[in-house]
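# Understanding the architecture of this molecule
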Amino acid sequence: MYKLFSVDDHIIEPPGVWVDRVPQAYRERVPHVVEADGRQSWVWEGGREMTMGLNAVAGKPREQWGAEPARFEDMIPGCYDPVERRKDFLSNGIFASVAFPTLPGFAGRKFGTFEDKDLALLCVRAWNDFILDEWCPAAPEMYVPMTIAPVWDAELAAAEVVRCVEKGSRALCWMEDPANIGHPGYHSGYWDPLFATCQEADIPVCMHIGGALPVVSLDNVIPMVEIAAAFTSAARSATNMMVSPIPRKFPNIKLVWSEGGIGWITAALERADRQWDRHQYWTHIPDADVLPSQVARRNMWFCMIEEPVGLKYRHDFAVDRILCESDYPHSDTPYPNTQAAFKELFAGVPADEVELMTHRNAEELFKFPMTVPAGVGNA
C-alpha cells in the first residue's frame, strides 16, 4: 500500500459552522442552511447559493455526476463529517490531509464580497475556529490545520494568521492572484505584511486553482472546457508569482499550488527565464539576477493527482518539490480507488522517489509527520 499525504482535499461545511460560533444577533446574517422545494441552500446577508453539486461526488458512480444542487443526505458522510472522512481515507491509504474550504471559496474570497466587512471578518474567524477547534481535533494525527484570512486587507490578514498560528494552524489558504478580483496584485507591495508574517511563522501559503475567482460556477460555460483547461490558471498565476517581488523580498516563503498539475512546469520555466532575460531592461525588473526558474525551485511546490506525462518530466523540475493530492470529495478524486490509481501512476518510478512525492516532501513542508498504522508500507 502506498502511504499518501494529500495536500488538496475539500471540506463540505456542515450546517453549523457559522451559526454555532457567532452571537445570536448574527445568526440570520452569517451563512446558514435553509430548506425550500426539497433542496438545501446556503443563505447569508446579501447572498444565496445551492449546496454542493460537483463538489461532493465522492463515492458516486460517474454516470450520476452533475452540477445540480444536492442535499447533505445525498452525499457520503465523509464529505462533511471528519470522523467518517478519516475512515474513508484510511481505507484508501491516505494518512494525512490538507483541506480547502468550499462555501467560502478556495481562499475564503467570498467573504471579501460582503458589504459589511465586520460581518465578513466574523465569518472568516468562525470558519477558522471550526477548523482548529472541531474539524482537525476529530483526527489530529491526520488533518493538517489550514486556515483562511481576510482577503480585503493585508494587515487584517496578517493579524488573523498570527491568531491562527497561535491556535495551531500549519498553513494559510490564500489567493493565487488577488488582482483577478480587483485587489492589489503581487507586484504592488501591498501584501508584504502578510507574506512577511507567513515567512516568519514558517508556514506554507497554499493556493488552489479558482481561489481568486469571485464565483466558482459552471453556469453559462462549457463545463468540460473549464475543467480540462483548469491547469492554465495555475500556470499563469505561478508564473506571475515567479516574476513578482514577493519571493525576492521573502526568499524563505513557501508557496504551494494545488490541483494545477505538473505537466506544464518545465515549459513554463524555460519560457519565463527566456522572457526575463529579454525584457528585464525596459521593464526595470528588480533583483534581475534571481531567475524565475530559481524562484520556482527554491520557493514553490506543485501537486498532482493522476498525471503520468507530467511525472516523466519530474527531473527537469525537482522531485523534492512535487506533492500528491486526492481532491476528496471533488470530481478529480480517484476515491475509492486511490491505491489503484497511484499504483498505475508510479509504475516504474524508483521507490525513493515515490516516497518523496507520496508523503515525505509534504511531511517536511508542513512539519507534519504522518501516523501510519502498523504493518502498512509502500507497494
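Please refer to the structure placed before this passage.
Across its full length, the protein chain carries 13 helices and 12 strands. Buried positions account for 55% of the 379 residues belonging to the protein chain. Restricting to contacts in the protein chain with at least 6 residues of sequence separation, those with at least 24 account for 74%.

Taken in spatial order, the 3 strands of this open sheet run E2-E3-E4, and their pairing is antiparallel. Of all strands in the sheet, those with a lone pairing partner are strand E2 (32-36) and strand E4 (47-50), marking the two edges. Strand-to-strand twist of the sheet, defined as the mean angle between neighbouring strand axes without regard to direction, takes the value 35°. Of the strand pairs in this sheet, E2 and strand E3 (residues 39-44) are connected by 5 bridges, and their pairing is antiparallel. Following the sheet pairing, Ala36 is matched in E3 by Arg39.

Moving on to the packing of helix H3 (residues 117-135) against helix H4 (residues 154-167). Direction vectors running N to C along H3 and H4 enclose 20°, while the axes themselves pass 11 Å from each other. Compared by their axis directions, H3 and H4 come out roughly parallel. Helix-helix and strand crossings are classified by hand; for H3 and H4 the assignment is right-handed. Contact residues: H3 offers Leu121, Val124, Arg125, Asn128, Asp129, Leu132 and Asp133, while H4 offers Leu156, Glu160, Arg163, Cys164 and Lys167. Looking at the contact of H3 with H4 residue by residue, the class counts come to 5 nonpolar, 1 polar and 6 charged.

This part is about the state of the cysteines. Taken as a whole and judged by the stated rule, the model has 0 disulfides. With no disulfide of its own, Cys324 has Cys303 as its nearest cysteine by sulfur position, at a separation of 8.7 Å. A relative accessible area of 2% means that Cys324 is categorised as buried.

Rules used throughout
Residues numbered from 1 in each chain as written. Predicted model: local features only at pLDDT ≥ 70, side-chain atom pairs only at ≥ 80, totals over all residues. Heavy atoms only, no water. Helix = DSSP H or I, 4+ residues; strand = E, 2+ residues; numbered from the N terminus. Buried < 20%, exposed > 50% of the residue type's maximum accessible area, 1.4 Å probe, protein only. Contact = heavy atoms within 4.5 Å. Pairing = 2+ DSSP bridges. Axes fitted to C-alpha atoms, helices over the stretch in contact; angles between N-to-C directions. Parallel < 35°, antiparallel > 145°, perpendicular 65-115°, else oblique. Left-handed = near helix turned anticlockwise from the far one by under 90°. Nonpolar A, V, L, I, M, F, W, Y, C, P; charged D, E, K, R; others polar. Disulfide = S-S within 2.5 Å.

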